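Tertiary structure, described
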Amino acid sequence: MKEIFNNIKNTCEKHNAQLVAVSKKQPIKGLKDLYQWGQRDFGENKVQDLIQRKKDMPKDIRWHMIGHLQRNKVKYIADFIHLIHSVDSLNLLEKIDKEAKRVGRIIPCLLQVKIAEEISKYGFKPTEISKILYQTPSMENIHIKGLMGMGTQTHNPEKTTAEFRSLHKLFTQVRYPNYTSQPLNILSMGMSHDYKIALAEGANLIRVGRLLFEENTKPNT
């Protein structure tokens, strides 16, 4: 496990990218091992898991919400979440802004872009991003840091490359909007099965789970 972690970290460093360890359904020991080796950014798909992991792990961890977020769950993470990757509607943005104001924070967010063909994937259409960015300056308690996208689950690397390349192109087009004071600086794409393609196509943040914990999840032989 440590060798896999170090290899992924080294690959990220070569691409000036950040690693978020996705800890869903993993035993707490695996998380604590990663922490001891220097990992501080952890992501969860569900709010209830974020809350429980936060109780179980050291206080200096930066917690990321990477799964689909329901508006009625925002209040439970507003006071501690480091980055919400999965903002997929204007209504959700408005709710995050409201809850952030309630707790006296500015919450960093990524706009999720639907680049895959699968209907199970959430996100804004690429053509909607400029309009959404134009509307966000009025929300004083959120900070749009960049874009996030999930590629199609496929064994076709050409398809994955094309999807990530399209998101990188969009990111390049919108990262310096003249109606906001700060440029976008995070492009989050790539997971265990496709992070190398994502890095090659310009990702500067990847979300890796299964691969990091592979040795712990293999059945005993």
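For the structure, check the block above.
Remember, predicted model here, so these are calculated numbers, not experimental data.

Once that is clear, we can look at the overall build of the chain. Assigned secondary structure in the chain consists of 8 helices and 8 strands. Against the globule reference of 17 Å for 221 residues, the chain gives a C-alpha radius of gyration of 17 Å, in line with a compact fold. Each of the three principal axes of the chain carries a C-alpha extent, and together these read 55 × 40 × 30 Å. The buried share among the 221 residues of the chain stands at 49%. In the chain, 58% of the contacts between residues at least 6 apart in sequence involve partners at least 24 apart. Of the roughly 11,500 Å² of accessible surface on the chain, a fraction of 47% belongs to carbon and sulfur atoms. Taking the average location of the 35 positive side-chain charges in the chain and that of its 23 negative ones, the two points are 3 Å from each other.

Tracing the chain through its elements places Gln39 in the loop between helix H2 (28-36) and strand S2 (41-44). Remark: the alpha-carbon pair of Gln39 and Leu111, spanning 72 residues in sequence, is separated by 24 Å. In this view, Gln39 contacts Phe5, Lys9, Leu19, Val20, Ala21 and Leu34; residues no more than four positions away in its chain are not counted. Here Leu19 takes part through its backbone oxygen, which lies 2.9 Å from a polar atom of the side chain of Gln39.

If you look at the biggest cluster of nonpolar residues, it comprises 60 residues, and the most contacted ones within it are Ile8, Ile84, Leu111 and Leu147. A per-element tally of this core places helix H6 (residues 157-174) first, with 5 residues. Those residues in contact with Leu111 that sit more than four places away from it in its chain are Val87, Leu93, Phe124, Ile129, Ile132, Leu133, Ile144, Gly146, Leu147 and Met148. Val20, Leu110, Met148 and Leu205 belong to the second largest nonpolar core, which has 6 residues in total.

What the rule picks out here adds up to 8 salt bridges. We note a salt bridge from Arg40 to Asp60, for which the minimum N-O separation is 3.1 Å. With Arg40 in the loop between H2 and S2 and Asp60 in the loop between helix H3 (47-56) and strand S3 (62-65), this pair connects stretches of sequence that are 20 residues apart. Residue class for Arg40 comes out partly exposed when judged on its relative accessible area of 22%. The exposure class of Asp60 is partly exposed, given its relative accessible area of 40%.

Rules used throughout
Per chain, residue numbering runs from 1 following the sequence as it is written. pLDDT decides what is reported in this predicted model: residues at 70 or higher carry local features, side-chain atom pairs at 80 or more are listed and counted, and totals for whole chains, interfaces and linings draw on all residues regardless. The side-chain values count all of the structure's non-hydrogen atoms but skip hydrogen atoms and water molecules. Secondary structure elements are defined from DSSP: runs of H or I of at least 4 residues count as helices, runs of E of at least 2 residues count as strands, and each element is numbered from the N terminus. Note on method: radius of gyration uses C-alpha positions; expected globular size equals 2.2 Å times residues raised to 0.38. Burial classification: accessible surface area is computed with a 1.4 Å probe over protein chains only, and a residue below 20% of its type maximum counts as buried, one above 50% as exposed, and the rest as partly exposed. Only heavy atoms enter the contact rule, under which two residues are in contact if any of them lie within 4.5 Å. Residue burial considers only the protein chains on display, and all accessible areas are found by Shrake-Rupley using a 1.4 Å probe. Residues scored as positive are Lys and Arg, those scored as negative are Asp and Glu, and His as well as the terminal groups of each chain are ignored. A charge is said to be at NZ when it belongs to Lys, at CZ for Arg, at CG for Asp and at CD for Glu. Polar contact criterion, stated in full: a pair of N or O atoms within 3.5 Å, where within protein one must be able to donate a hydrogen and the other to accept it, and residues adjacent in sequence count only if both atoms are side-chain atoms. Grouping buried Ala, Val, Leu, Ile, Met, Phe, Trp, Tyr and Cys residues that are joined through side-chain atoms within 4.5 Å yields what is termed a nonpolar core. Counted as salt bridges are all cases of a side-chain nitrogen of Lys or Arg within 4 Å of a carboxyl oxygen of Asp or Glu.

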